[in-house]
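Topology and contacts: notes
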Amino acid sequence: MGCSGCSSGRGCSTTVDGLPGGCKNNGSCGTGGSNKLNVFDWLANMELPGGQNIFDCVEVRFKNSRKEFFRNVNNLQLNVGDVVAVEASPGHDIGVVSISGELVRLQMKKRNVNPSSEEIKKVYRKAKPLDIDKWLEAQNLEQSTMYRARTMAVKLNLQMKISDVEYQGDKTKAIFYYTADDRVDFRELIKVLADEFKVRIEMKQIGARQEAGRLGAIGSCGRELCCSTWLTDFRSVSTSAARYQQLSLNPLKLAGQCGKLKCCLNYELDSYLDALKDFPDVNNVKLETDRGRAFHQKTDIFRRTMFFSYTTEPDNFIPLPIDRVKEVMEMNKKGIKPEDLLLKPAFKVVEKKPDYENVVGQDSLTRFDQKRKTKHKNNNKKRNPGSNNNKPLENLREVNNPADTSPVNQINNRTENPNRNKQNNNNRRPLNQNITQKGEQTTNQNQSRPNNNRNKPNNRPSRPNNNNKPPTAEPKQD
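Residues numbered from 1 in each chain as written. Predicted model: local features only at pLDDT ≥ 70, side-chain atom pairs only at ≥ 80, totals over all residues. Heavy atoms only, no water.

So, on to the confidence of the model for the protein chain. Model confidence for the protein chain is summarised by a mean pLDDT of 76, while 65% of its residues fall at 70 or above. Every residue in residues 1–34 is under pLDDT 50, and counting partners more than four places away or in other chains gives 64 contacts. When the criterion is pLDDT under 50, residues 391–400 qualifies, and its contacts beyond four places in sequence or with other chains add up to eight contacts. (pLDDT = per-residue confidence, 0-100. Contact = heavy atoms within 4.5 Å.)

See below:
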């Protein structure tokens, strides 16, 4: 994988003209080719004072997180990402330059390495194509060698786990990394491995945290493990760190990929310890009140609030500030019991009303919950919107104008033209009568009463009905 700024995806390898390829940043790549334990070279773009030479040591990274310092005795122009051949015992090894320049001096000081020590090995040359081909062949043998070595360890009944194998660049040496709870006698295993692979064998015991850092993984936070990206010093993590941070002691959530407690539990521990200095110790203390005895439930550290509950009401959590808890504890020491845990307000809090009035009523949330009033329909008003029921029909006729087109005038015109109304009423069903299939008619109001005078001639003069319509001639009975 190349660095994030490289368009080619091959990392910051050096080109023919001596400048780094890929992201073209003159050796100040912030990711170092997306490798493990990367260090940002923030001194790469700074010029040295006049007359000062470049620091003659470089940091070289090998497989996974193994890094070592080497001295550039031949004054080679080395940049981040260059593949170099370095001194090893025996033979030579192949690695990638991770840091060069003045930043290497600070890294050596951080790791307590003396820059003038004669034990620092040398950089031979930049790797040739033949060296790189041999190095890639050695990397292809590492996976199958690890599986074969695990099988041999099981046959010898050794209580150990071989987690990784790293071949030297010249294929003359192999380093076996293993984890074990107790001391293991692996002398017989070394003889078997040397006869099997025909290389020099070296065994290195590492811890569970170092194993997770070498192999790498994704943590529960969704990011790469800290031990495989930037963390180099592994401090012990205890369960008290989880207690101080008010975390539940669940091993499934507190354990990392290595099976140990997560290293990130120590990151914010100092902040929690500073915040807990002002809190009273109430683990074995119970608050006495007239209402009853209260015990401590939980604590919100950064809100500076403690929650108590009465023994009679354990489900009711009462939040109390730190000052109130200390006050009640001092009162209990003097033999005084307060009425309640909570302070009673000395004055009544008056809510301030808003300075606007809801005139329209659109802001009410319950405006749609009110039932709408049903309106009684008046058929007379609906059909004759211009009529006035309080006035008699004769008065309406006197006021009527022949040229007027109002609804009242139209009603009067209908009464004056009986022939016109007769043609329209022949096909119209009367409103107050029901006509059967045989031609019999009955009124809606007197449907249950017998009509004895239906065969008699009607000598009574006709008069307008309630709907202001002229009377219609009744059909003759046979």
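Where two aromatic rings form a pair, the distance of their centres and the angle of their planes describe that pair. In total, this model carries four aromatic pairs according to the counting rule given. A ring pair is formed by tryptophan 230 and tyrosine 267, whose centres lie 6.0 Å apart and whose planes are at 45°; its orientation type is tilted. On the criterion of sequence distance, the pair formed by tryptophan 230 in the loop between helix H6 (226–229) and helix H7 (239–244) and tyrosine 267 in the loop between helix H8 (251–254) and helix H9 (269–275) is long-range, its members being 37 residues apart. Of note, arginine 66 hangs over the ring of phenylalanine 62, and the distance from its end group to the ring centre comes to 4.1 Å. Over the aromatic face of tyrosine 177 sits the side chain of arginine 214, whose NZ or CZ is 3.8 Å from the ring centroid. (Phe/Tyr/Trp six-rings, centres within 6.5 Å; stacked < 30°, edge-to-face > 60°. Helix = DSSP H or I, 4+ residues; strand = E, 2+ residues; numbered from the N terminus. Lys NZ or Arg CZ within 6 Å of the ring centre and 35° of its normal.)

Now for helix H5 (residues 208–215). Along H5, the residues classified as buried are Arg209, Glu211, Ala212, Gly213 and Arg214. Where H5 is buried, its residues meet strand S6 (161–167), strand S7 (173–179) and H6. Taken from the residues just after H5, glycine 216 is the one with a positive phi, measuring 80°. (Buried < 20%, exposed > 50% of the residue type's maximum accessible area, 1.4 Å probe, protein only.)

When you line up the elements, arginine 61 lands in strand S1 (residues 57–61). At 8.2 Å, glutamate 59 is the nearest oppositely charged side chain to arginine 61, a buried residue that forms no salt bridge. At 3.3 Å, the side chain of arginine 61 forms a polar contact with the backbone oxygen of asparagine 64. (Lys, Arg positive; Asp, Glu negative; His and termini not counted. Salt bridge = Lys/Arg side-chain N within 4 Å of Asp/Glu carboxyl O. Polar contact = N/O pair within 3.5 Å; in protein donor to acceptor, adjacent residues only side chain to side chain.)

With six bridges joining them, S7 and strand S8 (residues 200–205) adopt parallel strand pairing. Bridging from a neighbouring strand, tyrosine 177 pairs with lysine 204 of S8. (Pairing = 2+ DSSP bridges.)

Another aspect to go through is the pattern of salt bridges. All chains considered together, the criterion is met by 25 salt bridges. We note a salt bridge from lysine 63 to glutamate 142, for which the minimum N-O separation is 2.7 Å. Of this pair, lysine 63 sits in the loop between S1 and strand S2 (67–71) while glutamate 142 sits in helix H3 (residues 142–155), and the two are 79 residues apart along the sequence. Taking the relative accessible area as the measure of exposure, lysine 63 reaches 24% and is therefore partly exposed. The class for glutamate 142 is buried, based on a relative accessible area of 9%. A salt bridge links glutamate 166 to arginine 66; the shortest N-O distance between them is 2.8 Å. Placement of glutamate 166 in strand S6 and of arginine 66 in the loop between S1 and S2 is noted, with a sequence separation of 100 residues between them. The class for glutamate 166 is buried, based on a relative accessible area of 4%. Accessibility expressed as a relative area gives 14% for arginine 66, which makes it buried. Here the residues in one salt-bridge network are Lys63, Arg66, Glu68, Asp93, Glu142, Asp164, Glu166 and Arg214, joined through shared partners.

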